[in-house]
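One-letter residues, chain by chain:
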Amino acid sequence: MSQSALPKTLLDAVTAKCGTIRSQSMAWERSLVKALASGASERSLLLLAEGFKSSRTLDTLAEGLVREPDGVDGFMRQLRTLVDESDFDLAAWLGAYECVQTHLSAAGRSASPSSIVGYVQCSAEFGGSAENRDSLPGIIGDMLEKYGFEGQEGCGTGPVA
């Protein structure tokens, strides 16, 4: 599948995200084509493209899920379950996921998607309150600064069984 063969909804999402910045558009298009080829649905990719700031986060997520039987779509179904059980929306969870991924990349580290979501889940449970329900990425930043990232699967089951 060539980049121009992306479904219109994904091309529109790339345009909305990147505007006229062609290098960013190309990076997003490449990441989306690659994720589609791995079996991810257009719906899941639209949510991820809207939620992540960087196409590298999508690349790393898709690579981390390559051995999972349900891949990106299974990850998104399980993530939505965790979102529904929390005080935070999907955008906050994706922003928090990206915050952890960026932190790990900057340190030359990596972790499984389930481990990252476990960290986000734990932080959402213990760091969230009525005053900061809209700032899960901020909570994550504070938690990473204070406690680091151990790479555990988190407080609960995480999104990938």
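Note that the structure is predicted; figures quoted are calculated from it, not measured.

**What about the layout of surface pockets?**
Of the voids in this model, the largest pocket is the one considered here, and its volume is about 240 Å³. In terms of lining, the largest pocket is formed by 18 residues, of which the most central are Lys-34, Ala-35, Ser-38, Ala-62 and Val-66. At the level of secondary structure, the elements contributing two or more residues to the lining of the largest pocket comprise helix 2 (22–37), helix 4 (55–64) and helix 5 (71–84). Per-element tally for the lining of the largest pocket: the top contributor is helix 4, with four residues. Split into classes, the residues belonging to the lining of the largest pocket amount to eight nonpolar, four polar and six charged.

**Quick notes on the pattern of salt bridges**
Should the charged atoms of two oppositely charged side chains come close, the side chains can pair. Here the structure, examined in full by the defined rule, presents five salt bridges. One salt bridge in this structure joins Glu-29 and Arg-22, with 3.4 Å as the shortest N-O distance.

**Points about helix 6 (residues 90–106)**
In a regular helix each residue adds 1.5 Å, so 17 residues correspond to 24 Å; helix 6 covers 24 Å between its end C-alpha atoms and thus fits that length. Listed in full, the buried residues belonging to helix 6 are Leu-90, Ala-92, Trp-93, Leu-94, Ala-96, Tyr-97, Glu-98, Val-100, Gln-101 and Leu-104. With its phi angle positive at about 70°, Gly-108 sits one or two positions after the end of helix 6.

**Concerning the packing of helix 4 against helix 6**
Where helix 4 contacts helix 6, the two axes come as close as 10 Å, and the packing angle between them is 85°. Judged by the angle between their axes, helix 4 and helix 6 are roughly perpendicular. For the pair formed by helix 4 and helix 6, the contact residues are Thr-57, Thr-60 and Leu-61 on the first element and Tyr-97, Glu-98 and Gln-101 on the second. Its residues placed into classes, the contact of helix 4 with helix 6 shows two nonpolar, three polar and one charged.

**Section: the confidence of the model for the protein**
Residues of the protein with pLDDT of at least 70 account for 86%, and the chain-wide mean is 87. In the model, residues 153–161 has pLDDT below 50 throughout and makes 28 contacts with residues more than four positions away in sequence or in other chains.

Quick notes on the rules
- Residues numbered from 1 in each chain as written.
- Predicted model: local features only at pLDDT ≥ 70, side-chain atom pairs only at ≥ 80, totals over all residues.
- Heavy atoms only, no water.
- 1 Å grid on protein atoms, 1.4 Å probe; cavity = no way out; pocket = protein on both sides within 12 Å on 5 of 7 lines; lining within 4 Å.
- Points joined across faces, edges and corners; volume = space filled by probe spheres on them.
- Helix = DSSP H or I, 4+ residues; strand = E, 2+ residues; numbered from the N terminus.
- Nonpolar A, V, L, I, M, F, W, Y, C, P; charged D, E, K, R; others polar.
- Salt bridge = Lys/Arg side-chain N within 4 Å of Asp/Glu carboxyl O.
- Expected span 1.5 Å × (residues − 1).
- Buried < 20%, exposed > 50% of the residue type's maximum accessible area, 1.4 Å probe, protein only.
- Axes fitted to C-alpha atoms, helices over the stretch in contact; angles between N-to-C directions.
- Parallel < 35°, antiparallel > 145°, perpendicular 65-115°, else oblique.
- Contact = heavy atoms within 4.5 Å.
- pLDDT = per-residue confidence, 0-100.

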